[in-house]
Amino acid sequence: MHTPADKCRAVEMLLADPEWSQWSDREFAIVPIWDYDSSMRVIALSTLKAFWADNPSRKDAEQPALAWYKQTVNADWGQPGDVKADFGTASILQDGRVVFNIAGNKYRLVVWINYSYRVVYVRFIGTHGQYDKIDAQKI
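Visitor: Lay out the pairing of strand β5 (residues 119-127) with the relevant residues and their values.
Guide: The element β5 is extensively covered by neighbouring structure, given that 7 of its 9 residues are classed as buried. Here strand β4 (residues 107-114) pairs with β5 via 8 bridges, running antiparallel. Along β5, the bridge assignment pairs Ile113 with Val120. In this structure, the hairpin formed by β4 and β5 is closed by a connection of 4 residues, where Arg118 is found at a positive phi of approximately 60°.

Structural data, given as structure tokens:
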């Protein structure tokens, strides 16, 4: 059971995020139709789309990233072991962070998973070189 304090902490974390603080209420409300019946919610598909749309050389990430997305929204992850069961090559980090290999390990996807609320927050997608320049635990 989630206490009101738990819910407040979750909202405060979202509001403090630099990217999300720029979103309008309407952008928060737009959810792909297939998300409504899913076990997991992914925030935000638009981050994935922007990755391949912003650079034609990354177009090869589109289908693998969408495959990851579709598998994820149909998953029911209550703990890190559930993620590992679905994605054997995923790297489980601390505090709900997970790193996925996309497009045959050409790209890296870093997410933060709130297991109790069944929400997956996309924090980063990029090449291995870009990934090497970030701290996956803090991004």
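Visitor: Just give me the short version of the sheet that holds β4, but keep the residues and values in it.
Guide: Strand order in the open sheet formed by 5 strands is β1-β5-β4-β3-β2, with mixed pairing between adjacent strands. The sheet is open, and its two borders are formed by β1 (41-43) and β2 (91-92), each paired with just one other strand. As judged from the 6 bridges shared by strand β3 (residues 97-102) and β4, these two strands associate in the antiparallel manner. From the neighbouring strand, Phe100 faces β4, where its bridge partner is Leu109.

Visitor: If you had to explain the packing of aromatic side chains to someone new, which residues and values would you point to?
Guide: For the structure on display, the rule yields 7 aromatic pairs. Taking the centre distance of 6.3 Å and the plane angle of 20° together, the rings of Trp77 and Phe100 count as stacked. Here Trp77 is found in the loop between α4 (62-73) and α5 (80-86), whereas its partner Phe100 is found in strand β3, with 23 residues between them in sequence. We classify Phe100 as buried; its relative accessible area is 1%. If you follow Arg58 out to its NZ or CZ, it ends over the ring of Phe51, 4.3 Å from the centre. Its end group placed over the ring of Tyr131, Arg108 keeps NZ or CZ at 4.7 Å from the ring centre.

Visitor: An account of the nonpolar core is needed here, citing residue identities and associated values.
Guide: If you look at the biggest cluster of nonpolar residues, it comprises 28 residues, and the most contacted ones within it are Leu48, Trp68, Trp77, Phe100, Leu109, Val111 and Ile113. Sorting the residues of this core by element identifies α3 (45-53), α4, β3, β4 and β5 as the ones contributing at least two each. Looking at this core, the element that brings in the most residues is α4, giving 5 residues. The residues contacting Ile113, other than those within four sequence positions of it, are Met40, Trp77, Val83, Gly96, Val98, Val119 and Val120.

Visitor: Summarise α3; cite the residues concerned and give the values.
Guide: Within the sequence span of α3, burial applies to Leu45, Thr47, Leu48, Phe51 and Trp52. Angular distribution of buried residues about the axis of α3 spans 165°; they occupy a single face of the element. Turning to α3, the residues buried within the fold contact β1, α4, β4, β5 and α6 (128-132).

Visitor: Any chance you could break down α4 for me, citing the residues and the numbers?
Guide: The α-helix advances 3.6 residues per turn, and as a result positions three or four apart in sequence lie on the same side. Under the 1.5 Å per step criterion, the end-to-end length of α4 is 16 Å for 12 residues, consistent within 8% with the ideal 16 Å. Buried within α4 are the following residues: Glu62, Ala65, Leu66, Trp68, Tyr69, Thr72 and Val73. Projected down its long axis, α4 shows its buried positions confined to an angular sector of 155°, all on one face.

Visitor: Before we move on, can you summarise the environment of Gln94 with the specific residues and values?
Guide: Position of Gln94 relative to the elements: it lies in the loop between β2 and β3. You can call Gln94 exposed: its relative accessible area is 57%. C-alpha of Gln94 to C-alpha of Pro80: the two residues are 14 residues apart in sequence and 9.8 Å apart in space.

Rules behind the numbers
- Residues numbered from 1 in each chain as written.
- Predicted model: local features only at pLDDT ≥ 70, side-chain atom pairs only at ≥ 80, totals over all residues.
- Heavy atoms only, no water.
- Buried < 20%, exposed > 50% of the residue type's maximum accessible area, 1.4 Å probe, protein only.
- Helix = DSSP H or I, 4+ residues; strand = E, 2+ residues; numbered from the N terminus.
- Pairing = 2+ DSSP bridges.
- Phe/Tyr/Trp six-rings, centres within 6.5 Å; stacked < 30°, edge-to-face > 60°.
- Lys NZ or Arg CZ within 6 Å of the ring centre and 35° of its normal.
- Core = buried A, V, L, I, M, F, W, Y, C linked by side-chain atoms within 4.5 Å.
- Contact = heavy atoms within 4.5 Å.
- Arc of directions from axis to C-beta.
- Expected span 1.5 Å × (residues − 1).

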